[in-house]
Amino acid sequence: MLLKNHFQQAYITHNLDEAVKLFDRQFGKLDWRVLSAILPMKTPIGAREASVRGALAWVGDLQLELIEPLSGYIDLFHTVTPADKSDATPHFHHVAVRRDDEGKMREEVAKLGLPLLFESRNDDLGLALIYVDATSVLGHYIEFVSGPQSAWDLFGWPEGKAVLP
């Protein structure tokens, strides 16, 4: 089942700090975890890197992610942002689904036959990420995430939130 263990909705913005304020004003103050990252990316056109800032917050058992692309290979993030760079409004970009077995995740992604956007790894946490382009069938991207329970705990996986086999 393609969207089993859907845990995250992600939005792209030109200004992370303003987007967080917009969310908090509109929907109530959330407990955001802000981070900066350099994503090493394996893409269909070779190795690339992207620098991003992000904010993560849980609302019940749904994680919200706001991403501000900064530099590097970031065009695929800007597919939904307005041309006006002063517009901080977050725009929907992708959903993320959890997979606990990286090998099976890779098999599933291959069977889907959707175009690969990129893969990334965080060896320190044991996380593997695969982004696919599902715009032809869903209108957005899908991020597949695999990692050990310790990584999910670090990102605040809600206690008692079920993970479907």
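The structure presented is a predicted model; accordingly, all values stated were derived computationally and were not measured.

Colleague: Can you walk me through the side chain of T13 in this structure?
Modeller: One can find T13 in the loop between β1 (6-12) and α1 (16-27). By relative accessible area, which is 0% here, T13 ends up buried. Looking at T13, its side chain comes within polar contact range of the main-chain nitrogen of N15, at 3.1 Å. A polar side-chain atom of T13 sits 2.6 Å from the main-chain carbonyl oxygen of A88. Apart from residues lying up to four places away in sequence, T13 is in contact with A19, I67, E68, P69, T81, A88, T89 and P90.

Colleague: Honestly, the pattern of salt bridges in this entry has me stumped. Any pointers?
Modeller: Two side chains bearing opposite charge may form a pair once their charged atoms approach each other closely. Tallied over the entire structure, the rule returns eleven salt bridges. Note that K21 and E18 form a salt bridge whose closest N and O atoms lie 3.3 Å from each other. With K21 and E18 both in helix α1 and three residues apart, the pair spans about one turn of that helix. R106 is the partner of E119 in a salt bridge, and the nearest nitrogen-oxygen pair spans 2.8 Å. With E119 in strand β6 (residues 116-122) and R106 in helix α2 (residues 102-112), this pair connects stretches of sequence that are 13 residues apart. Taking relative accessible area as the criterion, R106 reaches 30% and is therefore assigned partly exposed.

Colleague: Just checking my understanding: could you explain the packing of aromatic side chains for this structure?
Modeller: Pairs of aromatic rings are described using the distance from one ring centre to the other and the angle between the two planes. Per the counting criterion, the structure on display carries eleven aromatic pairs. The interplanar angle of 65° and the centroid separation of 5.7 Å between the aromatic rings of Y11 and F23 together place this pair among those described as edge-to-face. In this pair, Y11 is assigned in strand β1 and F23 in helix α1, connecting sequence segments twelve residues apart. Here Y11 falls in the buried class, since its relative accessible area comes to 16%. Here the aromatic rings of F118 and Y131 are separated by 4.3 Å at their centres, their planes lie at 20°, and the arrangement is stacked. Separated by 13 residues along the polypeptide, F118 in strand β6 and Y131 in strand β7 (residues 127-133) bring together distant segments of the chain. We note that F118, like Y131, is buried. Counting every residue linked through ring pairs, the aromatic cluster contains Y11, F23, F27, W32 and F92.

Colleague: What am I meant to see in the side chain of E65 here?
Modeller: By the secondary structure assignment, E65 is in strand β4 (residues 62-72). Of the side chains with opposite charge, R33 lies nearest to the buried E65, which makes no salt bridge, at 11 Å. With residues near it in sequence (within four places) discarded, E65 still touches Q8, Q9, A10, Y11, A55, L56, H94 and E143.

Colleague: Explain the nonpolar core here, please?
Modeller: Within soluble globular proteins, side chains that are nonpolar tend to cluster in buried spots. Counting 13 residues, the largest nonpolar core has M41, F77 and F118 as the members making the most contacts within it. The set of elements that each furnish at least two residues to this core consists of β2 (33-43), β3 (46-59) and β6. Beyond its immediate stretch of four places on either side in the chain, F118 contacts M41, K42, T43, L76, F77, L129, I130 and Y131.

Reading the values: the criteria
- Residues numbered from 1 in each chain as written.
- Predicted model: local features only at pLDDT ≥ 70, side-chain atom pairs only at ≥ 80, totals over all residues.
- Heavy atoms only, no water.
- Helix = DSSP H or I, 4+ residues; strand = E, 2+ residues; numbered from the N terminus.
- Buried < 20%, exposed > 50% of the residue type's maximum accessible area, 1.4 Å probe, protein only.
- Polar contact = N/O pair within 3.5 Å; in protein donor to acceptor, adjacent residues only side chain to side chain.
- Contact = heavy atoms within 4.5 Å.
- Salt bridge = Lys/Arg side-chain N within 4 Å of Asp/Glu carboxyl O.
- Phe/Tyr/Trp six-rings, centres within 6.5 Å; stacked < 30°, edge-to-face > 60°.
- Lys, Arg positive; Asp, Glu negative; His and termini not counted.
- Core = buried A, V, L, I, M, F, W, Y, C linked by side-chain atoms within 4.5 Å.

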